[in-house]
Amino acid sequence: MMMIRYVAVTLTALALLGGCQKKDDPSEAGPAERAGRKLDEATQQAGQKLDNAAQQANQQLSDAAKDTSQKLDKAADTASEKLNEATKEAGRKLERAGEKMQTAADEREAKK
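Below: a short report on this structure. In this text the structure is predicted, and so the values were computed from the model without any measurement.

Broken down by element type, the protein carries two helices and zero strands. Working note: accessible area of the protein is about 10400 Å², and carbon and sulfur atoms make up 58% of it.

Turning our eyes to something else, we now look at the pattern of salt bridges. Once the charged atoms of two side chains with opposite charge are near each other, the side chains can pair. Enumeration over the complete set of coordinates arrives at three salt bridges. For E33, the salt bridge is made with R37, and the minimal N-O distance between the two is 2.5 Å. On the criterion of helical spacing, the pair formed by E33 and R37 is a turn pair, its members being four residues apart in helix α2 (residues 31-111). Among the salt bridges present, the one from R92 reaches E89, with a minimum N-O distance of 2.6 Å. On the criterion of helical spacing, the pair formed by R92 and E89 is a turn pair, its members being three residues apart in helix α2. A relative accessible area of 41% means that R92 is categorised as partly exposed.

Reading the values: rules and limits
- Residues numbered from 1 in each chain as written.
- Predicted model: local features only at pLDDT ≥ 70, side-chain atom pairs only at ≥ 80, totals over all residues.
- Heavy atoms only, no water.
- Helix = DSSP H or I, 4+ residues; strand = E, 2+ residues; numbered from the N terminus.
- Areas by Shrake-Rupley, 256 points an atom, 1.4 Å probe, with all protein chains shown as cover.
- Salt bridge = Lys/Arg side-chain N within 4 Å of Asp/Glu carboxyl O.
- Buried < 20%, exposed > 50% of the residue type's maximum accessible area, 1.4 Å probe, protein only.

Spelled out as structure tokens, the structure:
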């Protein structure tokens, strides 16, 4: 009786181990190996999708940075142009004020 159980357990263990044995032909792969391969494929695809998403995000950030830089350059050019205009206008006003002061000084001298 004990011997029959021992033989039955041994045969069952051999059958289970035989089912897990790695085979050279992929079509003969066991369920665990097929699942492992599917997991590998899914992991590889997910990694590829993450790489693509990262590249797209990087490109979008680069484009946004270029756009922002161009807008800042344009704003700086506009501000510089306005500052130049304001400086010229201030110079004209100072020149007029100087002319008025000179005229007033000339008139005072003429009255003496």
